[in-house]
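Reading the structure
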Amino acid sequence: MDKLLVSLAVAVMIVTSAFAQDPYAGLREKWLQTAEDAKPELVYKDIAPVAVVQAVQDGSAFQGWKYVESGSPEELYGKNFKEVESVTLDFGKHSVGYFSFHTKTLSRCIDAPVRFKFTFGEVPAELNTPFDPWNKERLGRAWMQDETVTLTRLDEWVTIPRRVAFRYVKIEMMGWPGGGYDFAIDGLSFRSQTTAREVKTRLSPDCPERIRRIHDVGIETLRECMQTVYEDGPKRDQRLWIGDLYLEALANSVSFRNFDLTKRCLYLFAALSREDGVLFAPVIEDPVPHPQYGTYIPSYAMLWNVTLADYLSDTGDKETAEDLFPVTKVQIEDGLSFLGDDNLFDVNKKPGWFFIDHRGGLDVSASMQGVLIFALKRTYDLACSLGKEKEVSQYPALIKQLTQAARKKLYDRKSGLVLSGPSSQVSIMSQAWMIIAGVLSPKEGAKAIETALQTEECVMPGTPYATHYLLEAMLRCGLGSKARAYMEEYWGGMVDKGADTFWEAYDPKDDFYSPYGFHPLNSACHAWSCTPVYFIHKYPEVFQD
Ligand code: RAM
């Protein structure tokens, strides 16, 4: 993006904030330019299909479908496609980028257009579950990756303009070209792209095979999501969300160590924040960087502070941390504005999307209290590293008050559990966030997790995002071998079910679980699922021995 586009993006922001007090006035343009300057180059690789495959319905396969090899691409390339009509190919691994195909006239010449439908799928069931009729309550139909292409000329390469994320492609002939001519699809190619380069760290030679496999799938997941921002999922939503950024940055810090990408993303959020300085939860890069207006997630805004604090400890880049430090104070003020007189986070006080997990029915009050305390602590650490503790001198007292309130009102000493909301709900997330926030001691935390896991009505995580915080909590309270066993079962479970990249949503007890009411809409390569990479490197004694 050149300077003109940066100015255009800023102009959009200024129009929206014309009548408001902009705390970052005069800085947004500079911040957008800094984000632009830190944009890493994409690297491309051309890949080809490895096999023609046949779909097989199988109750023991993930979501009921698997592929078996039935031929080679070379055999397909020699065939009259009018006889083939429909074929599926496996490219051997998940990839993100642009798909091209070549046609060849076999007899006479084209005398009527030919139309194809290409359907791209990350997992087998996605290509074998009818998309229509589409329930309009769901996310948009066009997220599904089926593209129609009509050719009026043959014997040339055609590239489908849409960037896709896939491993399998189904090609169907839609418009019958009549008897006049025969043709073949005689070439398929895919240009994959990522900004990830080589992994800069190594696992110990003693690292067990199962952990190594989980690590490698995590690396592939992160690689695919590292585009010119940390995308959440390259199939869906193809944008930068703070919660996903936080976890991707953790995994990146122990693998690709591409800190420019983290820096770029931090600046994008700051530059594109709301007119009162509070961060929007997602931003979108094209055609010019802009926020997803209206989407505000207080938990995510606070986690941006933690990401900046981590970035400083990983890189020592004080210039960036100092530049962006004022933004952290606004996120904390915003978080504090949800407190009731009892010093507890009140989700009914103001509107917002209090995202902790996609699991339906989760009461998030206790978790939000935990996120706020955690963000206060990490923002205070950040201030201390920058010598700015005087600017936030009220934080230690606030941390104390919020911790006391949580211990008094949310922690039930008798059962040893954190209870959330009016129905005193038991969930894994409430325990995890109270441990991460340091509200529970490691001993209390260990008991809370173990008790919650044995409680029948306990609300379990529905995503690897939430499961990340469970593992983090386990490791903080000395449950290392439990954390490892949980990782082997949860992420290892996806590997056992054929994952070559980790999924957005996963419930080991329900392969069809979807936050969107339709499992093919789930993203099967989702950034927030890559964090085994972080845990395995950060705690080698727990995972690599
Ligand atoms: C969905 C995606 C994304 C997440 C938001 C909250 O759109 O799963 O990764 O951050 O929800």
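1. Here's the deal with the overall build of the protein chain
Check the secondary structure of the protein chain and you find 17 helices and 14 strands. A compact globule built from 545 residues should have a C-alpha radius of gyration of about 24 Å, and the protein chain, at 25 Å, falls within 12% of that. Expressed as lengths along the three principal axes of its C-alpha atoms, the size of the protein chain is roughly 85 × 55 × 50 Å. The 545 residues of the protein chain split such that 61% are buried. Look at the contacts in the protein chain between residues 6 or more apart in sequence, and 76% of them connect residues 24 or more apart. With an accessible surface of roughly 21,700 Å², the protein chain has 50% of that area assigned to carbon and sulfur atoms. Averaging the positions of the 59 positive and the 74 negative side-chain charges in the protein chain gives two centres separated by 3 Å.

2. Considerations on the packing of aromatic side chains
Evaluation of the coordinates by the stated rule reveals 38 aromatic pairs. Note on Phe355 and Tyr465: the rings are 5.7 Å apart at their centroids and 35 degrees apart in plane angle, and the pair reads as tilted. Taken together, the positions of Phe355 in the loop between α9 (318-336) and α10 (365-385) and Tyr465 in helix α14 (residues 464-476) put the pair 110 residues apart, joining distant regions of the chain. When the centroid spacing of 5.8 Å and the interplanar angle of 5 degrees are considered together, the rings of Phe355 and Trp528 count as stacked. Of the two residues, Phe355 sits in the loop between α9 and α10 while Trp528 sits in the loop between α15 (480-496) and α16 (532-538), which places them 173 residues apart along the sequence.

3. Things to note about helix α11 (residues 395-409)
The end-to-end C-alpha separation of α11 is 21 Å, in line with the 21 Å expected for 15 residues at 1.5 Å each. Here the buried face of α11 lies against α9, α10, β13 (411-412) and α12 (428-436).

4. Let's talk about the layout of surface pockets
A water-sized probe, rolled over the atoms, reveals where empty space remains. Computed from the structure, the largest pocket encloses a volume of approximately 420 Å³. Lining of the largest pocket is provided by 24 residues; of these, Thr228, Glu231, Gln238, Glu285 and Asp286 occupy positions nearest its centre. Taken together, the residues of the lining of the largest pocket break down into ten nonpolar, four polar and ten charged. Residues from two domains meet in the lining of the largest pocket; each of domain 1 (44-194) and domain 2 (209-543) gives at least three.

5. A look at the nonpolar core
Trp304, Tyr469 and Phe543 are the most contacted members of the largest nonpolar core, which totals 139 residues. When residues no more than four places from it in sequence are discounted, the contact partners of Tyr469 are Tyr246, Leu247, Leu303, Met429, Ala432, Trp433 and Ile436. In terms of nonpolar packing, the next biggest core, distinct from the first, is built from 30 residues, Ile47, Val84, Leu151 and Phe190 among them.

6. Things to note about the site of the ligand
Taken together, 13 residues lie around the ligand, and Asp237, Asp244, Tyr300, Glu504 and His526 are the ones closest in. At 2.7 Å from an oxygen atom of the ligand is found a side-chain nitrogen or oxygen belonging to Glu504. Here the ligand, which alone exposes 290 Å², has 96% of that area covered by the protein. Partitioned by chemical class, the residues of the shell around the ligand number six nonpolar, two polar and five charged.

7. Observations regarding the sheet that holds strand β11 (residues 282-284)
One open sheet holds the three strands; their spatial order is β10-β11-β12, and the pairing between them is antiparallel. Each of the sheet's edge strands pairs with one partner strand only, and the pair in question is β10 (240-241) and β12 (290-291).

8. Re the domain arrangement of the protein chain
Parsing the protein chain into structural domains produces domain 1 (44-194) and domain 2 (209-543). Summing both partners gives a buried area of about 2,400 Å² for domain 1 against domain 2, and 58% of it is carried by carbon and sulfur. Taken together, the links from domain 1 to domain 2 amount to three salt bridges. For Glu126, the salt bridge goes to Lys235, with nearest N and O atoms at 3.2 Å. Remark: the boundary between domain 1 and domain 2 carries 13 residue pairs in polar contact (both at pLDDT 80 or more). Mapped by element, the contributors of at least two residues to the side of domain 1 that touches domain 2 are β4 (86-107), β8 (164-175) and β9 (182-194).

9. Points about empty space enclosed by the protein
Counting across every chain of the model gives two cavities of 30 Å³ or more. The computed volume of the largest cavity comes to approximately 130 Å³. Along the walls of the largest cavity sit 17 residues, with Phe62, Gln63, Ala505, His519 and Asn522 positioned nearest its centre. In terms of domain composition, the lining of the largest cavity takes at least three residues from each of domain 1 (44-194) and domain 2 (209-543). A volume near 60 Å³ is recorded for the second largest cavity. Surrounding the second largest cavity, Tyr246, Ala249, Leu250, Phe259, Thr262, Thr307, Asp310, Tyr311 and Asp314 form its lining.

Rules used throughout
Throughout, residues of each chain are indexed from 1 in the direction in which the sequence is written. Reporting of local features is limited, given that this is a predicted model, to residues whose pLDDT is at least 70; pairs of side-chain atoms are given and counted only at 80 or more, and all residues count toward the totals for whole chains, interfaces and linings. With hydrogens and water set aside, each side-chain value is computed from the structure's full complement of heavy atoms. Numbering of helices and strands runs from the N terminus; a helix is a DSSP stretch of H or I covering at least four residues, while a strand is a stretch of E covering at least two. Our radius of gyration looks at C-alpha atoms and nothing else; its globule reference is 2.2 Å times the residue count to the power 0.38. Type-normalised accessible area, obtained with a 1.4 Å probe on protein chains alone, sets the label of each residue: buried when under 20%, exposed when over 50%, and partly exposed for intermediate values. By definition, residues are in contact when any of their heavy atoms lie within 4.5 Å. Areas reported as accessible are Shrake-Rupley estimates using a 1.4 Å probe. Residue values count occlusion only from the protein chains shown. Asp and Glu count as negative and Lys and Arg as positive, but His and the ends of the chain are not part of the count. Charge positions are represented by NZ for Lys, CZ for Arg, CG for Asp and CD for Glu. Two rings from Phe, Tyr or Trp (for Trp, the six-membered ring) form a pair when their centres are within 6.5 Å of each other. A pair whose planes differ by under 30 degrees is stacked, one over 60 is edge-to-face, and the rest are tilted. Given the number of residues in a helix, its expected span is that number minus one, multiplied by 1.5 Å. Residues are called lining when one of their atoms sits within 4 Å of a cavity or pocket point, these points coming from a 1 Å grid over the protein atoms alone, where a cavity is a set in which a 1.4 Å probe fits but cannot get out and a pocket is an open set with protein on both sides within 12 Å along at least five of seven lines. Grid points are joined across faces, edges and corners, and a volume is the space filled by probe spheres set on the points. Here the term charged refers only to Asp, Glu, Lys and Arg, the term nonpolar to Ala, Val, Leu, Ile, Met, Phe, Trp, Tyr, Cys and Pro, and the term polar to all other amino acids, Gly among them. Domain delimitation in this document rests on an assignment produced automatically or drawn from a domain database. Buried Ala, Val, Leu, Ile, Met, Phe, Trp, Tyr and Cys residues form a nonpolar core when they are joined through side-chain atoms within 4.5 Å. Distances are taken per atom, and a residue is near a molecule or strand as soon as one of its heavy atoms is within 4 Å of it. Polar contact is defined as a pair of N or O atoms within 3.5 Å, subject to the rule that within protein one atom must be able to donate a hydrogen and the other to accept it, and that residues adjacent in sequence are counted only when both atoms are side-chain atoms. We treat two strands as partners when DSSP finds at least two bridges between them. Put simply, buried area is how much 1.4 Å-probe accessible surface two parts lose in total, over both of them, once they are put together. By convention in these notes, a salt bridge is any Lys or Arg side-chain nitrogen within 4 Å of a carboxyl oxygen on Asp or Glu.

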